[in-house]
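Chain by chain, the residues:
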Amino acid sequence: MGNLVVVSQSPSDALTAEQILPEHKDNILVGGSLVTTETIQQAVQHGVKGIIAGGIDDADLRELLGYELGVAITGSEEVGVTLVITEGFGGIAMAEQTFTLLKAREGMKTSINGATQIRAGVVRPEIVIPFAPETAGAAANTDDGATEGILEVGSSVRIIREPYFGKLGRVTELPVELQNLETEAQVRVLRVELENGEQTTLPRANVEAIEDR
């Protein structure tokens, strides 16, 4: 647990070792698109409690741990700092909504848990930022009753399969009828407009919803 400090200027900026300062001791730092082994080691030297960033290279993670990370539950590795990677492997910009939300909570006491498991019994990393009483009341008053995690036209999504892995977009169409894939499986699909304006049709299982707040 520590105070949240947003270091990167934008979600597309990498978090560099030069940006890690002695005054960041006991804080949780927010980067943008990438965190490297050098940056993590600098953070450990300065006593940083945690790092939240968009991506990390597989080679850097292997160098940091000294071995190849498997698919079993992670989060108990002794590296001296807790890492939460919001997007995936590589230099992937943090989702704009995520970055904006974290920036709005800068300075607040924050707790993070990097435990992850991608097989059965999925475990996801957690970022917990308690609301102050007045903030919690305001949040309750602005709740419009929308159900989290429901895909609808206009929903923000992140694509989690190639060839568009890591890209963000908005749902433009949700066809009701099943459609055939190249594998001959019949699945529900959706139409997504990517940030560059490109339109693509994908299985619904290939995206995850991003809550707009």
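Look up a bit, the structure's there.
In this report, we go over the structure that sits alongside the text. (Residues numbered from 1 in each chain as written. Predicted model: local features only at pLDDT ≥ 70, side-chain atom pairs only at ≥ 80, totals over all residues. Heavy atoms only, no water.)

### Points about the nonpolar core
Okay, so step 1: One finds Ile40, Val48, Ile51, Val81 and Leu83 to be the most contacted residues of the largest nonpolar core, which totals 18 residues.
Okay, so step 2: When sequence neighbours within four positions are dropped, the list of residues in contact with Leu83 reads Ile40, Ile51, Ile56, Leu64 and Gly114.
Okay, so step 3: Ranked by size, the runner-up nonpolar core spans eleven residues in total, among them Leu4, Val6, Val30 and Phe99. (Core = buried A, V, L, I, M, F, W, Y, C linked by side-chain atoms within 4.5 Å. Buried < 20%, exposed > 50% of the residue type's maximum accessible area, 1.4 Å probe, protein only. Contact = heavy atoms within 4.5 Å.)

### Remarks on the pattern of salt bridges
Okay, so step 1: Scanning the model with the defined rule gives three salt bridges in all.
Okay, so step 2: Among the salt bridges present, the one from Asp58 reaches Arg62, with a minimum N-O distance of 2.8 Å. With Asp58 and Arg62 both in helix α2 (residues 58-65) and four residues apart, this pair spans about one turn of that helix.
Okay, so step 3: Ionic pairing is found between Arg158 and Glu208, a salt bridge with its closest N-O pair at 2.4 Å. (Salt bridge = Lys/Arg side-chain N within 4 Å of Asp/Glu carboxyl O. Helix = DSSP H or I, 4+ residues; strand = E, 2+ residues; numbered from the N terminus.)

### As for the sheet that holds strand β13 (residues 207-210)
Okay, so step 1: The five strands lie next to each other as β12-β11-β8-β7-β13, forming an open sheet whose pairing is antiparallel. Of all the strands in the sheet, just β12 (199-203) and β13 have a single pairing partner and so form its edges. With direction set aside, neighbouring strand axes in the sheet form an average angle of 45°.
Okay, so step 2: Bridge analysis of strand β7 (residues 156-159) against β13 gives four bridges, and the strand direction is antiparallel. By the bridge assignment for β13, Val157 is matched with Ala209. (Pairing = 2+ DSSP bridges. Axes fitted to C-alpha atoms, helices over the stretch in contact; angles between N-to-C directions.)

### Brief notes about the sheet that holds strand β1 (residues 2-6)
Okay, so step 1: Reading across the sheet, the six strands line up as β4-β3-β2-β1-β5-β6 and stay open at both edges, with mixed pairing between neighbours. Two strands bound the open sheet, and with one partner strand each, they are β4 (82-89) and β6 (126-128). Neighbour-to-neighbour, the strand axes of this sheet turn through a mean angle of 35°, independent of strand direction.
Okay, so step 2: Judged from the three bridges that link them, β1 and strand β2 (residues 28-30) form a sheet pairing that is parallel. Counted as the bridge partner of Leu4 is Ile28 from β2.

### Focus on unusual backbone geometry
Okay, so step 1: Positive phi, close to 70°, is recorded for Asp26, a residue that is not glycine.
Okay, so step 2: Mapped onto the fold, Asp26 is located in the loop between β1 and β2.

### Considering the environment of Gly80
Okay, so step 1: As for its placement among the helices and strands, Gly80 is situated in the loop between α2 and β4.
Okay, so step 2: In this structure, the C-alpha to C-alpha distance between Gly80 and Val44, residues 36 residues apart in sequence, is 5.7 Å.

### Regarding the side chain of Ser33
Okay, so step 1: Locating Ser33 in the fold gives a position in the loop between β2 and α1 (37-45).
Okay, so step 2: Here Ser33 falls in the buried class, since its relative accessible area comes to 9%.
Okay, so step 3: Setting aside residues no more than four positions away along its own chain, Ser33 makes contact with Pro11, Ser12, Asp13, Ala14, Gly54, Gly55, Gly90, Gly91, Ile92, Ala93 and Met94.

### Overview of the pairing of β7
Taken residue by residue, a regular strand's side chains alternate between the two faces of the sheet.
Okay, so step 1: Neither face of β7 is exposed, since Ser156 and Arg158 on one face and Val157 and Ile159 on the opposite face are all buried.
Okay, so step 2: Of the strand pairs in this sheet, β7 and strand β8 (residues 168-173) are connected by three bridges, and their pairing is antiparallel. Counted as the bridge partner of Arg158 is Leu168 from β8.

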